[in-house]
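Spelled out from the first residue to the last, the chains are:
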Amino acid sequence: SELASKNHVTVSSQQLNYQITIVRQENRLGDNQSEFENVLKNYYGWDLNDFKRELKTQLLAQNLVSALDTATHTRANSVYAQLKAGGNFATLAGQFSDDTTTKGNGGQYGYLISQNNVNIPPQVVAALFALKPNQYSSIINTGYSLEIDKNLGVVGDQVQAAHIVFNFQDINNYLSPLKDKQKAREYIHP
């Protein structure tokens, strides 16, 4: 893609394989290779290469937005620095989180999180289960947002958690000016 090339944004095979691994670990697409490939074929009409190509396209778009949206990184880094300086997680979530459904409750999810929760980005689930109660994560890039997550406590095999979310700008904010100049071109492709 022109915009990705201009900004030296790529997707490494390591990043691609990591994304596939974390999705597979949480049994989101079957718990073994043949089941995984059957799910791809039966539900999406894809083989493994189709899946990798589609995932690479999505990751390239996400990497591009992350590279260009420096303001969101600045906001996340500022809040993370405040946390490290002793700031209160719930107070900072209320002030700065872009998640309107949780910010009024100190960033708390309204439910317990299990290891195969499909409503939470897999990077966040992995981080929450690696944290001890009352620990918070570093800044996590979900592809669509930056997050700081906190393990509030463990209940059986689930985690009670809170987060502070910093949404990336929509990729179209960056693509629209280019599309206006060269309407017939596609800008995101592997």
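Residues numbered from 1 in each chain as written. Predicted model: local features only at pLDDT ≥ 70, side-chain atom pairs only at ≥ 80, totals over all residues. Heavy atoms only, no water.

**Q** For this particular structure, what's the right way to read the packing of aromatic side chains?
**A** Under the criterion given, the structure shown has two aromatic pairs. Here the aromatic rings of Tyr 80 and Tyr 136 are separated by 6.2 Å at their centres, their planes lie at 85°, and the arrangement is edge-to-face. Taken as a pair, Tyr 80 in helix 5 (residues 70-84) and Tyr 136 in the loop between helix 7 (122-130) and strand 1 (140-141) lie far apart in primary sequence, 56 residues in all. (Phe/Tyr/Trp six-rings, centres within 6.5 Å; stacked < 30°, edge-to-face > 60°. Helix = DSSP H or I, 4+ residues; strand = E, 2+ residues; numbered from the N terminus.)

**Q** Teacher, can you tell me more about unusual backbone geometry here?
**A** Phi is mostly negative for residues that are not glycine, and the peptide bonds are mostly trans. Positive phi outside glycine occurs at Asn 134, with the angle close to 75°. On the secondary structure map, Asn 134 appears in the loop between helix 7 and strand 1.

**Q** Hey, could you run me through the pattern of salt bridges in this one?
**A** Close approach of charged atoms allows side chains with opposite charge to pair. Scanning the model with the defined rule gives two salt bridges in all. Here Asp 50 makes a salt bridge to Arg 53, at a shortest N to O gap of 2.5 Å. Highlighted residues: Asp 50 and Arg 53, both in helix 4 (residues 48-68), separated by three residues, approximately one helical turn. In this structure, Asp 98 engages Arg 75 in a salt bridge whose closest nitrogen and oxygen atoms are separated by 2.7 Å. In this pair, Asp 98 sits in the loop between helix 6 (89-96) and helix 7 while Arg 75 sits in helix 5, placing the two residues 23 residues apart along the sequence. Its relative accessible area of 28% is what places Asp 98 among the partly exposed residues. Relative accessible area serves as the criterion here: at 34%, Arg 75 is assigned to the partly exposed category. (Salt bridge = Lys/Arg side-chain N within 4 Å of Asp/Glu carboxyl O. Buried < 20%, exposed > 50% of the residue type's maximum accessible area, 1.4 Å probe, protein only.)

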